[in-house]
Amino acid sequence: MDGPGARERLLDAAEELFSERGIAATGVDAVLKRARVAPATLYAHFGGKDHLVAASLQRRHERWRALWDEVLLRCGDDPAARALSVFDALDELHRREEAARGCAFLAAAVEVVDPGHPAREWLAADTRLLDERLRDLAAATGAADPDALATELLLLYDGALAARARRAITGTREKPEVKAVARAALTRHVPPPPQVGARTLSEGGR
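All values derive from a computational prediction rather than experimental measurement.

The next subject is the overall build of the protein chain. Of regular secondary structure, the protein chain possesses 10 helices and 0 strands. Going from the N terminus to the C terminus, the protein chain shows its helices and strands as α-α-α-α-α-α-α-α-α-α. Within the span of the protein chain, comprising 206 residues, buried residues form 40% of the whole. Sequence-distant contacts, at least 24 apart, represent 66% of the contacts inside the protein chain between residues at least 6 apart. Surface accessibility of the protein chain: about 11800 Å² in total, with carbon and sulfur atoms responsible for 55%.

Shown next, in the form of structure tokens:
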């Protein structure tokens, strides 16, 4: 059943199967069967499996970025809330869609090792988004060392993804309080605001 929507059905089927089975273990025939399209349709839209993998990661990257943008918008101008927004966005993502194999980008990075593979562009884009945005958000908090804070937040984000994957294996439902740990990191890095009315000894305090 080709026609309108065939491209999206192919991407939906690929994303589901890559999550369930992995990229290497998913053959083109399985994608075609789930998407209910003819082989010619896949090759007309993507030219082959490698570009289908790339397109599925591109769509997921754009979806993740748009979701994070939504969360940032809700944070308003609060620098601390914005710095921690990646954890709220991650929770929101997993409320909307639960991936069987955890993070699509980390899973793909293990399998897509050829530097010439078209999917590598989107693996790099995911890393750049995290690195650059977390650095900018950390700097906006007034942290003494924004790079160090951004590095801690990224490590906690990656740890949250790994924890979700482990819980999926064991069937455990509770989630670790990663955001609370991230908030503690933020507190360590950002000096408290000066107290209104506080006086130093040189100003006559004692």
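As a working rule, side chains carrying opposite charge can pair if their charged atoms are close by. Taken as a whole and judged by the stated rule, the model has 16 salt bridges. Residue R7 pairs with E8 through a salt bridge whose shortest N-O separation is 3.9 Å. Among the residues examined, R7 registers a relative accessible area of 34% and is labelled partly exposed. In this structure, E16 engages R34 in a salt bridge whose closest nitrogen and oxygen atoms are separated by 3.2 Å. Of the two residues, E16 sits in helix α1 (residues 6–21) while R34 sits in helix α2 (residues 28–35), which places them 18 residues apart along the sequence. The partly exposed category is assigned to R34, whose relative accessible area is 32%.

Here the focus is helix α7 (residues 104–111). Of all the positions in α7, only F105, A107 and A108 are classed as buried. Taken around the axis of α7, the buried residues stretch over an arc of 160°, which confines them to a single face. Elements in contact with the buried residues of α7: α4 (49–75) and α8 (120–140).

Before going further, it helps to examine unusual backbone geometry. Located in the positive-phi region is R36, a residue other than glycine, with phi close to 60°. Relative to the assigned elements, R36 resides in the loop between α2 and α3 (39–46). Note on R36: relative accessible area 44%, which makes it partly exposed.

Our focus in this paragraph is α8. Taking 1.5 Å as the rise per residue, α8 with 21 residues should run 30 Å; its terminal C-alpha atoms sit 30 Å apart, in good agreement. Within α8 the residues assigned to the buried category are W122, L123, A125, D126, L129, L130, R133, L134, L137 and A138. Downstream of α8 by a residue or two, G142 has a phi angle that is positive, lying close to 85°.

Their axes nearest at 11 Å, the elements α4 and α7 cross at an angle of 150°. With respect to their mutual orientation, α4 and α7 come out roughly antiparallel. For the pair α4 and α7, the sense of crossing is left-handed. Here α4 contributes L57, R60 and H61 to the contact with α7, which in turn contributes A104, F105 and A108. For the contact of α4 with α7, the per-class residue count stands at 4 nonpolar, 1 polar and 1 charged.

The next thing to look at is the environment of P192. If you trace the backbone, P192 turns up in the segment after α10 (178–189). With 50 residues separating them along the chain, P192 and G142 place their C-alpha atoms 9.9 Å apart.

Turning our attention to the UniProt feature "DNA-binding region" (unreviewed entry) in the protein chain. In the numbering used here, UniProt assigns the feature "DNA-binding region" (unreviewed entry) to residues 27–46. The distance from the first to the last C-alpha atom of residues 27–46 is 15 Å, and the span holds 80% helix and 0% strand.

Nonpolar side chains in soluble globular proteins tend to be buried together. Judged by nonpolar contacts, the single largest core of 56 residues is most densely connected at W64 and W68. For this core, the leading source of residues is α4, giving 11 residues.

Counting across every chain of the model gives 2 aromatic pairs. When the centroid spacing of 5.6 Å and the interplanar angle of 35° are considered together, the rings of W64 and W68 count as tilted. Linking W64 with W68, this pair stays in helix α4, spanning 4 residues, or about one helical turn. No difference in accessibility class separates W64 from W68, as the two residues are buried. Both rings, one in W64 and one in Y157, keep their centres 6.1 Å apart while their planes meet at 35°; by these two values the pair is tilted. Note that W64 is positioned in helix α4 and Y157 in helix α9 (residues 146–170), a separation of 93 residues in sequence.

Rules of the game
Residues numbered from 1 in each chain as written. Predicted model: local features only at pLDDT ≥ 70, side-chain atom pairs only at ≥ 80, totals over all residues. Heavy atoms only, no water. Helix = DSSP H or I, 4+ residues; strand = E, 2+ residues; numbered from the N terminus. Buried < 20%, exposed > 50% of the residue type's maximum accessible area, 1.4 Å probe, protein only. Contact = heavy atoms within 4.5 Å. Areas by Shrake-Rupley, 256 points an atom, 1.4 Å probe, with all protein chains shown as cover. Salt bridge = Lys/Arg side-chain N within 4 Å of Asp/Glu carboxyl O. Arc of directions from axis to C-beta. Expected span 1.5 Å × (residues − 1). Axes fitted to C-alpha atoms, helices over the stretch in contact; angles between N-to-C directions. Parallel < 35°, antiparallel > 145°, perpendicular 65-115°, else oblique. Left-handed = near helix turned anticlockwise from the far one by under 90°. Nonpolar A, V, L, I, M, F, W, Y, C, P; charged D, E, K, R; others polar. UniProt positions renumbered as here; feature names shortened; annotations may be inferred. Core = buried A, V, L, I, M, F, W, Y, C linked by side-chain atoms within 4.5 Å. Phe/Tyr/Trp six-rings, centres within 6.5 Å; stacked < 30°, edge-to-face > 60°.

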